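# Coordinate inspection notes
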Amino acid sequence: MPQLSKRTETFTDSVIRRMTRVSNQYGAVNLSQGFPDFEPPKEILNRLAEVTNEDFHQYSITWGAQNFREALAEKQSKLMGRQINPDEEIVVTCGSTEAMMAAMMTVTNPGDRVIVFSPFYENYGADAILSGAEPIYVPLHPPEFNFDPDELENAFKQKPKALILCNPSNPCGKVFTYDELKQIAYLAEKYDVFVITDEVYEHIVYEPNKHIYFASLPNMWERTISCSSLSKTYSITGWRLGYIIAPPHIIDTAKKVHDFLTVGAAAPLQEAAVTGLRFGDDYYQWLRDKYTRKRNLFIKGLDDIGISHTVPQGAYYVLLDISEYGYSSDYEFCEDLAREVGVGAVPGSSFFREPVNNLIRLHFAKKDKTLIEALNRLENIRNKIPKR
Ligand code: GLN
């Protein structure tokens, strides 16, 4: 038999998504892969029901249905502080997973380097390998997850083509301040580098932190490829609706990449999601309040049990310290946690370049009832998982 491609040899399947399967296998409360177990907004679902009887069953325009792009342009123009052209500055993709992959393929050649902050969302490593690019990792130092400006500049000196910025950050919950973004912008301009953003948690930010769109910084629009999705904002992760926003000369190429990767996102779902894109500010405030309450409930529960953890400024993940159990493999710990305690988590090592094995990631995008059940199970963690 001929051999399979070399490029696929250097990465595994996604550990995040594998942990969902492990959780299901053991009937664990699945706090591994980050997705809600509560319903999307009723208005969107009602519109979806109508759409099934309307004429949206064939391909939409490859770079996104007109109606969807217009609604998205209107929403994002307000947030990003510039008039976004729905015809020339948007590509609608199958989730931000495709948006990020398409963005990488749009800007990099095989052999190019790409700066990635560590910890990172695990897809970026595979995105880089699939597009032939090589990551340069820059650590975000705990507990604040700040970067060292000299370490960052050293990475820029290695002639990268792009930097990937996940803000708010998965898994560490960091929300980059204006000053930090300005430092990145200064270096991006000085070394002439693209910035690819992953801003899927743009609406899940806790007071007093504020989300600032990187593309809105002075001179950054021209070199920023902003990726995001509707998954987290409208609790529709299974709909796979994402997008890229960038200047026309970048979007022209991204449209080609996207066209040949997937042709297009699901037409009926784009039409139904327009209802969400047209929600007023009160929806986003409601979402923030809802997640703030969930975050507070969950971290109070962890504090009561005496588990030390990060406190996110944005997104919906916490990293828990499992040092006291003495495991050399955090993956094994997560298997034991799912089987013995009944809670699904992601091993922290899937997010770090550095050799970290004392952290696991849990998410709290779940009904209060589910979170309370997970906390009740975690109360027994010290009995169920003996120290090694
Ligand atoms: N962003 C989610 C997480 O980190 C998962 C997204 C996905 O699996 N596509 O868990």
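In this report, the structure presented in the accompanying data block is examined. The numbers attached to residues start from 1 for each chain and follow its sequence in the written order. The model is predicted, so local features are restricted to residues of pLDDT at least 70 and side-chain atom pairs to those at 80 or more, both for listing and for counting; the totals for chains, interfaces and linings are taken over all residues. Just so you know, side-chain values use all the structure's heavy atoms and leave hydrogens and water out.

### Structural notes on the pairing of strand β5 (residues 162-166)
A 1.4 Å probe rolled over the protein chains alone gives each residue an accessible area, and that area as a share of the maximum for its type sets the label: buried under 20%, exposed over 50%, partly exposed in between. Under the DSSP-based scheme used, a helix requires at least four consecutive residues in state H or I and a strand at least two consecutive residues in state E, with every element numbered from the N terminus. In terms of burial, β5 is a largely internal element, five of the five residues being buried. Because side chains alternate across β5, one face comprises the buried residues Ala162, Ile164 and Cys166, and the other comprises Leu163 and Leu165, equally buried. Any two strands with at least two DSSP bridges between them are considered paired. Relative to β5, strand β3 (residues 113-118) runs parallel, the two being bridged by three bridges. Looking at β5, one finds that Val114 is bridged to Ala162. Where β5 meets strand β6 (residues 194-198), five bridges bridge the pair, whose relative direction is parallel. Within the sheet, the bridge partner assigned to Ala162 lies in β6 and is Phe194. Handedness rule for crossovers: strands pointing away from the viewer, path from the first strand over the helix to the second running clockwise, crossover right-handed. At this point the chain moves from β5, through helix α7 (residues 178-190), to the parallel β6, and the crossover so formed is right-handed.

### Things to note about the sheet that holds strand β12 (residues 359-363)
Spatially, the three strands line up as an open sheet ordered β9-β12-β11, and their pairing is antiparallel. Of all the strands in the sheet, the pair left with one neighbour each is β9 (317-321) and β11 (346-347). Alignment of β11 against β12, held across two bridges, turns out to be antiparallel. Within the sheet, the bridge partner assigned to Val346 lies in β12 and is Arg361.

### Some details on the site of the ligand
Near residues are defined by distance, with any heavy atom within 4 Å of the molecule or strand qualifying the residue. The local shell around the ligand consists of Ile16, Arg17, Gln33, Gly34, Tyr121, Asn170, Tyr201, Lys232, Tyr317 and Arg361. Pairs of N or O atoms are called polar contacts if they sit within 3.5 Å, as long as, within protein, a hydrogen donor faces a hydrogen acceptor (for residues adjacent in sequence, only side-chain-to-side-chain pairs). Here a nitrogen atom of the ligand sits 3.3 Å away from a polar atom, N or O, in the side chain of Tyr201. Interatomic distance of 3.1 Å between a side-chain N/O atom of Lys232 and a nitrogen atom of the ligand. Relative to its free-state accessible area of 290 Å², the ligand is covered by the protein chains to the extent of 90%. Class assignment of the residues belonging to the shell around the ligand gives a composition of four nonpolar, three polar and three charged. Using the Shrake-Rupley algorithm and a 1.4 Å probe, accessible areas are obtained, with residue cover drawn only from the displayed protein chains. Under this grouping Gly is polar, as are all residues other than the nonpolar Ala, Val, Leu, Ile, Met, Phe, Trp, Tyr, Cys and Pro and the charged Asp, Glu, Lys and Arg.

### What about the environment of Lys161?
One can find Lys161 in the loop between α6 (149-157) and β5. When its relative accessible area of 27% is taken as the criterion, Lys161 is described as partly exposed. With 75 residues separating them in the primary sequence, Lys161 and Ile236 have C-alpha atoms 33 Å apart. When near neighbours in sequence (up to four residues on either side) are disregarded, Lys161 contacts Val107, Thr108, Asn109, Asp112, Arg113, Val193 and Phe194. Among the polar contacts made by the side chain of Lys161, one reaches the main-chain carbonyl oxygen of Val107 at a distance of 2.9 Å. When checking whether two residues touch, look at their non-hydrogen atoms; a contact exists if any pair is within 4.5 Å.

### Things to note about the side chain of Ser23
Here Ser23 is to be found in helix α1 (residues 15-26). Taking the relative accessible area as the measure of exposure, Ser23 reaches 1% and is therefore buried. Residue contacts for Ser23: discarding those within four places in its chain leaves Ala28, Asn30, Ser32 and Gly344.

### Some points on the packing of helix α4 (residues 95-107) against helix α5 (residues 123-130)
At a closest axis distance of 9 Å, the pairing of α4 and α5 adopts a crossing angle of 40°. When you trace α4 past α5, the crossing you get is right-handed. Contacts between α4 and α5 pair Thr97, Met100, Met101 and Met104 from the former with Asn123, Tyr124, Asp127, Ala128 and Leu130 from the latter. The residue makeup of the contact of α4 with α5, split by class, is six nonpolar, two polar and one charged. Under this scheme, a helix contributes an axis fitted over its contacting stretch, all axes are lines through C-alpha atoms, and angles between N-to-C directions fall in the 0 to 180 degree range. Take the far helix as the reference: if the near one is turned anticlockwise from it by less than a right angle, the crossing is left-handed, and if turned clockwise, right-handed.

### Remarks on the sheet that holds β3
Strand order in the open sheet formed by seven strands is β2-β8-β7-β6-β5-β3-β4, and the pairing between neighbours is mixed. Two strands in the sheet have a free side with no partner beyond their single neighbour: β2 (90-94) and β4 (134-139). Sheet twist, expressed as the mean angle between neighbouring strand axes with direction ignored, is 25°. Pairing geometry for β6 and strand β7 (residues 224-229), over four bridges, is parallel. Bridging across to β7, Thr197 finds its partner in Ser226. Where helix α8 (residues 248-262) meets the sheet, its contacts fall on β2, β6, β7 and β8 (241-245), and the angle it forms with β2 comes to roughly 25°.

Nothing here speaks to function; it is all geometry.
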